[in-house]
Protein chains: 2
Amino acid sequence: MEARTEISSLGEFGLIKRINQGIKNKLPDTIKGIGDDAAVIDLDTGYGLLTSDMLLEGVHFDLTFFPLKHLGYKAIAVNVSDIAAMNGIPHQVTVNLGLSNRFSVEAIDELYEGMKAACTDYNVDLVGGDTSSSLSGLLISVSVFGKVKKDLITYRNTAKPNDILCVTGDLGAAYLGLQLLEREKQVFLANPNMQPELEGNDYVIQRQLRPEARMDVVYELAEAGVLPTAMIDVSDGLASDLLHLCAQSGVGAIVFEDRLPIDDQTFLAATELQISPITAALNGGEDYELLFTVRQDAYELIKNNPKISVIGYVTDNKAEIALHTKGDNRVPITAQGWS
Amino acid sequence: MEARTEISSLGEFGLIKRINQGIKNKLPDTIKGIGDDAAVIDLDTGYGLLTSDMLLEGVHFDLTFFPLKHLGYKAIAVNVSDIAAMNGIPHQVTVNLGLSNRFSVEAIDELYEGMKAACTDYNVDLVGGDTSSSLSGLLISVSVFGKVKKDLITYRNTAKPNDILCVTGDLGAAYLGLQLLEREKQVFLANPNMQPELEGNDYVIQRQLRPEARMDVVYELAEAGVLPTAMIDVSDGLASDLLHLCAQSGVGAIVFEDRLPIDDQTFLAATELQISPITAALNGGEDYELLFTVRQDAYELIKNNPKISVIGYVTDNKAEIALHTKGDNRVPITAQGWS
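Here the structure is a predicted model, which is why all the values come from computation and not from measurement.

Undergrad: How should the overall build of chain A be read in this particular structure?
TA: The helix and strand tally for chain A stands at 10 helices and 13 strands. Against the compact-globule benchmark of 20 Å for 339 residues, chain A has a radius of gyration of 20 Å, which places it among compact chains. The 339 residues of chain A split such that 57% are buried. Pairs at least 24 residues apart make up 83% of the contacts formed inside chain A by residues separated by at least 6 positions. Element-wise, carbon and sulfur atoms account for 50% of the exposed surface of chain A, whose accessible area totals about 14000 Å². Looking at charge distribution, chain A has the averaged site of its 27 positive side-chain charges lying 6 Å from that of its 47 negative ones.

Undergrad: Can you help me understand the sheet that holds strand β2 (residues 39-42) of chain B in this one?
TA: The strands making up a sheet associate through backbone hydrogen bonding, with each pair oriented either parallel or antiparallel. Residue and element names in this part refer to chain B. Ordered in space as β1-β2-β3-β6-β4-β5, the six strands form an open sheet in which the pairing is mixed. Two strands lie at the open edges of the sheet, namely β1 (30-32) and β5 (125-133), each paired on one side alone. Strand-to-strand twist across the sheet, computed as the mean angle between neighbouring axes with direction ignored, equals 20°. Here two bridges tie β1 to β2, and the two strands are oriented antiparallel to one another. Bridge pairing in β2 links Lys32 to Val40. Running over the sheet, helix α3 (residues 105-122) touches β4 (89-99), β5 and β6 (139-148) and is turned about 170° from β4.

Undergrad: Honestly, the domain arrangement of chain A in this entry has me stumped. Any pointers?
TA: Where interface size is given, it is often the accessible area lost as the parts come together that is meant. Residue and element names in this part refer to chain A. What the domain assignment reports for chain A is domain 1 (26-152) and domain 2 (164-332). Just the C-alpha atoms count here: the centres of domain 1 and domain 2 sit 22 Å apart. Summing both partners gives a buried area of about 2100 Å² for domain 1 against domain 2, and 59% of it is carried by carbon and sulfur. Three residues, Phe65, Lys74 and Asn87, lead the burial of domain 1 against domain 2; their summed loss comes to 25% of the area buried on that side. The tally of links from domain 1 across to domain 2 stands at two salt bridges. Put simply, domain 1 and domain 2 have nine residue pairs in polar contact (both at pLDDT 80 or more) between them. Sorting the residues of the side of domain 1 that touches domain 2 by element identifies α2 (68-84), β4 (89-99) and α3 (105-122) as the ones contributing at least two each.

Undergrad: Whenever I open this one, the environment of Arg102 of chain A confuses me. Can you help?
TA: Tracing the chain through its elements places Arg102 of chain A in the loop between β4 and α3. Once you skip the residues sitting within four places of it in the chain, Arg102 of chain A turns out to touch Glu57, Leu63 and Gly137 of chain A together with Arg4 of chain B.

Undergrad: How should I be thinking about the UniProt feature "binding site: Mg(2+) 3" (unreviewed entry) in chain A in this particular structure?
TA: All names here are of chain A. The positions that UniProt labels "binding site: Mg(2+) 3" (unreviewed entry) are, in the present scheme, Asp37, Asp82 and Asp233. In three dimensions, the annotated residues from a span of 197 residues occupy one location, with a maximal C-alpha spread of 7.4 Å. Along the chain, Asp82 falls in helix α2. Here Thr51 takes part through its side chain, which lies 3.4 Å from a polar atom of the side chain of Asp82. Inspection of the secondary structure assignment puts Asp233 in strand β8 (residues 230-234). The contacts of Asp233, once residues within four sequence positions are left out, are Asp37, Ser81, Asp82, Ala85, Asp241, Tyr288, Glu289 and Leu290.

Undergrad: Just to check I follow, could you spell out the relation of the copies chain A and chain B for this structure?
TA: Copy one and copy two of the chain differ by a rotation about a common axis and a shift along it. Taken as rigid bodies, chain A and chain B are interconverted by a rotation of 180° and an axial shift of 0.0 Å, the fit giving an RMSD of 0.0 Å. What the rotation and shift describe, once combined, is the action of a two-fold rotation axis.

Undergrad: Explain the packing of aromatic side chains to me, please; I cannot follow it from the model alone.
TA: For any pair of aromatic rings, the description consists of the separation of the ring centres together with the inter-plane angle of the planes. Evaluation of the coordinates by the stated rule reveals five aromatic pairs over all chains. Consider the rings of Phe145 of chain A and Phe145 of chain B, whose centres lie 4.9 Å apart with planes at 10°: the pair is stacked. Within this pair, whereas Phe145 of chain A is found in strand β6 (residues 139-148), its partner Phe145 of chain B is found in strand β6, the two belonging to separate chains. A relative accessible area of 0% places Phe145 of chain A in the buried class. Between the aromatic rings of Phe256 of chain B and Tyr313 of chain B, the centroid separation amounts to 6.0 Å while the plane-to-plane angle is 35°, which identifies the pairing as tilted. With Phe256 of chain B in strand β9 (residues 252-256) and Tyr313 of chain B in strand β11 (residues 308-315), the pair connects residues that are 57 residues apart, well separated along the chain.

Undergrad: Would you explain unusual backbone geometry in this entry?
TA: Most of the time, phi is negative for any residue but glycine, and the peptide bond is trans. Notably, Asn123 of chain A is not glycine yet its phi reads approximately 55°, a positive angle. Notably, Asn87 of chain B is not glycine yet its phi reads approximately 65°, a positive angle. Mapped onto the elements of the fold, Asn87 of chain B is located in the loop between α2 (68-84) and β4.

Reading guide: rules and limits
Residues numbered from 1 in each chain as written. Chains lettered and ligands numbered in written order. Predicted model: local features only at pLDDT ≥ 70, side-chain atom pairs only at ≥ 80, totals over all residues. Heavy atoms only, no water. Helix = DSSP H or I, 4+ residues; strand = E, 2+ residues; numbered from the N terminus. Rg over C-alpha atoms; globule rule 2.2 N^0.38 Å. Buried < 20%, exposed > 50% of the residue type's maximum accessible area, 1.4 Å probe, protein only. Contact = heavy atoms within 4.5 Å. Areas by Shrake-Rupley, 256 points an atom, 1.4 Å probe, with all protein chains shown as cover. Lys, Arg positive; Asp, Glu negative; His and termini not counted. Charge placed at Lys NZ, Arg CZ, Asp CG, Glu CD. Pairing = 2+ DSSP bridges. Axes fitted to C-alpha atoms, helices over the stretch in contact; angles between N-to-C directions. Domains from an automatic or database assignment. Buried area = accessible area lost by both parts, 1.4 Å probe. Salt bridge = Lys/Arg side-chain N within 4 Å of Asp/Glu carboxyl O. Polar contact = N/O pair within 3.5 Å; in protein donor to acceptor, adjacent residues only side chain to side chain. UniProt positions renumbered as here; feature names shortened; annotations may be inferred. Least-squares fit on C-alpha atoms with pLDDT ≥ 70 in both. Phe/Tyr/Trp six-rings, centres within 6.5 Å; stacked < 30°, edge-to-face > 60°.

This is the structure:
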């Protein structure tokens, strides 16, 4: 009998590691393959960036509460976020769509409305893709091509000890938004006459349903003359993405609990749901903020930008990636993936 | 009640047309958006090419007879074929994979073996992508980035009257291979003790399970100093792809039935399956050959290439795209899509 190893025995990160191990790049214009937010391609006069992500119904979104227009927007935004994380400018996107016959033409129009709105907001052109029937609901696979000047690209693996650790926006809201939507769905399923109670939670809901790529910060950093030493987007949660950045850079990091940017509504929703707001901020995921490092002398240039929080610093002790708590303890930061 | 229009009322081509109508490109470096085999991006020193395609289990492939290694190869090859159709060279690919827990780690290894073999054969680097769980079997979405010199690009919409119409390889085999595999599957389901009878059909089976992108012909045309006036890859069937080429170029075409390249095994399989070999060649699809036009003075340069068949010519009568039969009749060529 042939050997059968369950995917679950490796977990998400183990499986990805196993796949990536066997892949060797050979072309001279492949500057960076797997392992960063986007691949980097030499275009002579600059670098090209290529990234791709898939959203699957029932895995990444639940159409009982996810409006198609928002979903279309999100599908583009999360891919643009990967280009932002390379300090790049997105240019062209392709969209592959799988559709079951449950969807009407009007539903598809709505989905495209959202995608087109995102294309307008991020100034990208939708240039291609593929539409096919699907046996299993809605599938959206998006690829983005972007460009960046060679001296402006930011990788994950170039953070240096004593750099300042920064994050944009706030964390944990998208995760709590999802928990609230899931809860209201259960209430509705139990009693279809109940109306969802989401008042006062509009911000956390919006963070889940309509995340934005932080292209605004990419432009603002350039205007301020700040080039991050390393950057990654926060899609899996701050903890997981910080671990990637540190592992690839061969550095450690200390994050101050009291510096984590958490919105007031996130605190309220966390209390309502009996979830620690710190856990939501560290492990929630889907924030699509930018986590980046800068040299200490850049501090003066970013400290007045309300979109940027300094949350800690980089160390040369790669064995320690820790949260410095309000009670002055150091707690190791650990990641979670799907299994 | 809201309006609900079924997708089936538009059909595949109608739906794609509706989606594409609403899409306007704005960036100065978007040279070509939707409407050709790949999007074309200005890179200053040349053009970039971007294309993306999705293969879904149960829609595009049936794993009861499709070996995973071949499937991995095919997923790359069909995308490379779109780059070939622009007369371009493929460079980087990204692969998004959706996997249900039915798949073992060994199965995923096999799939990647096939993808890596294709990457080696076509000299492309696998540079990124996304792996996620799926509720519905296996999904593969591949994007390819390629490059082409600005004066060597070939579009679909530039065929001229009196050009010669050429096609590479032979047609109809992949479709008949699929019909044979489907038939043997039904036999096996009815009686699991029956062994599949595929002897003597190895070529048509191989054309279905392991198609090749015609990069060889792209290189040979360049060596011969032949620049096609227009080119498209034959993925939906010669009829459908010829109609695209003619409609976009604003021309007509005459195809000679007795010039259609059809392999001996294709004739045999067609007889066995009681399918017209001409219908298979015109409407079968999945050949991944190149359909292209050249100026008449290029005839001497290609006539001795055994991989290329001259099948007809381009006319200025865009109302007539017809098959000139062996009996000297003219039959309009029509296309088929999914509905």
